[in-house]
Amino acid sequence: MTPAGTLLCATDLRKAYGPTKALDGAEFSIHPGEVVAVMGPSGSGKSTLLHCLAGIVTPDSGTITYAGRELSAMNDSERSALRRGEFGFVFQFGQLVPELTCVENVALPLRLAGVRRKEAERTALHWMSELEVADLGSKRPGEVSGGQGQRVAVARALVTQPRVIFADEPTGALDSLNGELVMQLLTEAARSANAAVVLVTHETRVAAYSDREIVVRDGKSRDMERIV
Ligand SMILES: Nc1ncnc2c1ncn2[C@@H]1O[C@H](COP(=O)(O)OP(=O)(O)OP(=O)(O)O)[C@@H](O)[C@H]1O
Ligand SMILES: [Mg+2]
């Protein structure tokens, strides 16, 4: 059963890679507009949990429910429609398309969804200004700094107005100043759009931007009371 008001919820997730139990009974839930940090040591199962929640990896067992629908009951095309339409992604290295300008990169998810170029780029520029990178529109990713590129990647994740943003170490390649700026802008933009954020991070300082933290250890998760 999904607790009332929960947008995305997982119970008793298990996923093995050969003898490795990447997930061993992990639990997760997030409300609309909530920012949840997923912390834990390297190899503990954080990315595997994120990939399962996003419908990229299929768990061996357990249930994942998004907006009242079970992911395992969907076929591949329904799951990919969900990823394109309702989810946004930010990874450690922005993964922008090097041949496209920044505004074309941000507009890309809309172009793929059939939105006309002019309208897609207008919406892209709106999100780029939210992330304070509107002036980089005509540059290519190779011509901007790491922190700027990551803000462009965040704008691209937001451009389709997703209900959930999955961010796996979004500041992992940045210095602490740029990391904080990216987190501040990411969480502000997500909150104003009422998008939930699943934020995987090693860093306490990054996790401090969340509403709630969970810790994953040996494939098991537990809620952590914020100690202020
Ligand atoms: N595709 C895969 N094939 C084989 N083993 C995998 C695969 N993906 C993850 N694992 C293993 O599952 C365990 C959990 O990996 P996962 O990537 O989820 O950890 P993580 O917490 O994200 O680590 P990090 O902080 O280093 O990114 C690790 O032991 C890892 O080696
Ligand atoms: Mg990882």
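This structure is a prediction, so every number in the text was calculated from the model and none was measured.

**Q** How would you sum up the sheet that holds strand β5 (residues 69-70)? Please name residues and give values.
**A** Taken in spatial order, the 4 strands make up an open sheet running β2-β1-β4-β5, and their pairing is antiparallel. Single-partner strands in this sheet number two, and they are β2 (20-30) and β5. By the bridge criterion, 5 bridges tie strand β1 (residues 8-17) to strand β4 (residues 61-66) in an arrangement that is antiparallel. When the bridges of β4 are listed, A10 appears paired with I64. Here helix α1 (residues 46-53) sits on the sheet and contacts β1, β2 and β4; the angle it forms with β2, its principal contact strand, is near 55 degrees.

**Q** Can you lay out the side chain of R79 for me, pointing to particular residues and giving the numbers?
**A** You can see R79 is positioned in helix α2 (residues 76-86). You can call R79 buried: its relative accessible area is 15%. For R79, the side chain forms a polar contact with the main-chain oxygen of L71, separated by 2.8 Å. In this structure the side chain of R79 is engaged in a polar contact, spanning 3.0 Å, whose partner is the backbone oxygen of M74. Apart from residues no more than four positions distant in its own chain, R79 is found in contact with G55, L71, S72 and M74.

**Q** Tell me about the packing of helix α3 (residues 102-112) against helix α4 (residues 117-130), residues and numbers included.
**A** Taken N-terminus to C-terminus, the directions of α3 and α4 make an angle of 120 degrees; their axes are 8 Å apart at the nearest point. Considering only the axes of α3 and α4, their crossing is right-handed. Only R117, A120, E121, T123, A124, L125 and M128 of α4 make contact with α3, whose side of the interface consists of C102, V103, E104, V106, A107, L110 and R111. Looking at side-chain class alone, the contact of α3 with α4 contains 9 nonpolar, 1 polar and 4 charged residues.

**Q** Before we move on, can you summarise the sheet that holds strand β10 (residues 220-224) with the specific residues and values?
**A** The 6 strands lie next to each other as β6-β7-β8-β3-β9-β10, forming an open sheet whose pairing is mixed. Pairing within the sheet leaves two strands with one partner each, and these edge strands are β6 (87-90) and β10. Strand-to-strand, the axes of this sheet are offset by a mean angle of 20 degrees, without reference to chain direction. Relative to strand β9 (residues 212-217), strand β3 (residues 35-39) runs parallel, the two sharing 4 bridges. Looking at the pairing, V38 lines up with I214 of β9.

**Q** Hey, could you go over the site of ligand 1 for me, with residue numbers and the actual values?
**A** Contacts to ligand 1 come from Y17, T20, A22, P41, S42, G43, S44, G45, K46, S47, T48 and H202. One nitrogen or oxygen atom from the main chain of S44 is found 3.2 Å from an oxygen atom belonging to ligand 1. Within the side chain of K46, one N or O atom sits 2.7 Å away from an oxygen atom of ligand 1. Coverage of ligand 1 by the protein amounts to 58% of the 630 Å² it exposes when considered alone. Those elements that place two or more of their residues in the shell around ligand 1 are β2 and α1. At 3 residues, the largest contribution of residues to the shell around ligand 1 is made by α1. Residues that form the shell around ligand 1 fall into these classes: 3 nonpolar, 8 polar and 1 charged.

**Q** Outline the pairing of β3, supporting the account with residue identities and numerical values.
**A** For β3, the tally of buried residues reaches 5 of 5 residues, placing the bulk of the element in the interior. The alternating pattern of β3 places V35, A37 and M39 and V36 and V38 on opposite faces, both of which are buried. Here β3 runs beside strand β8 (residues 196-200); their pairing, made up of 4 bridges, is parallel. When the bridges of β8 are listed, V38 appears paired with V200.

Reading the values: the criteria
Residues numbered from 1 in each chain as written. Chains lettered and ligands numbered in written order. Predicted model: local features only at pLDDT ≥ 70, side-chain atom pairs only at ≥ 80, totals over all residues. Heavy atoms only, no water. Pairing = 2+ DSSP bridges. Helix = DSSP H or I, 4+ residues; strand = E, 2+ residues; numbered from the N terminus. Contact = heavy atoms within 4.5 Å. Axes fitted to C-alpha atoms, helices over the stretch in contact; angles between N-to-C directions. Buried < 20%, exposed > 50% of the residue type's maximum accessible area, 1.4 Å probe, protein only. Polar contact = N/O pair within 3.5 Å; in protein donor to acceptor, adjacent residues only side chain to side chain. Left-handed = near helix turned anticlockwise from the far one by under 90°. Nonpolar A, V, L, I, M, F, W, Y, C, P; charged D, E, K, R; others polar. Near = heavy atom within 4 Å. Areas by Shrake-Rupley, 256 points an atom, 1.4 Å probe, with all protein chains shown as cover.

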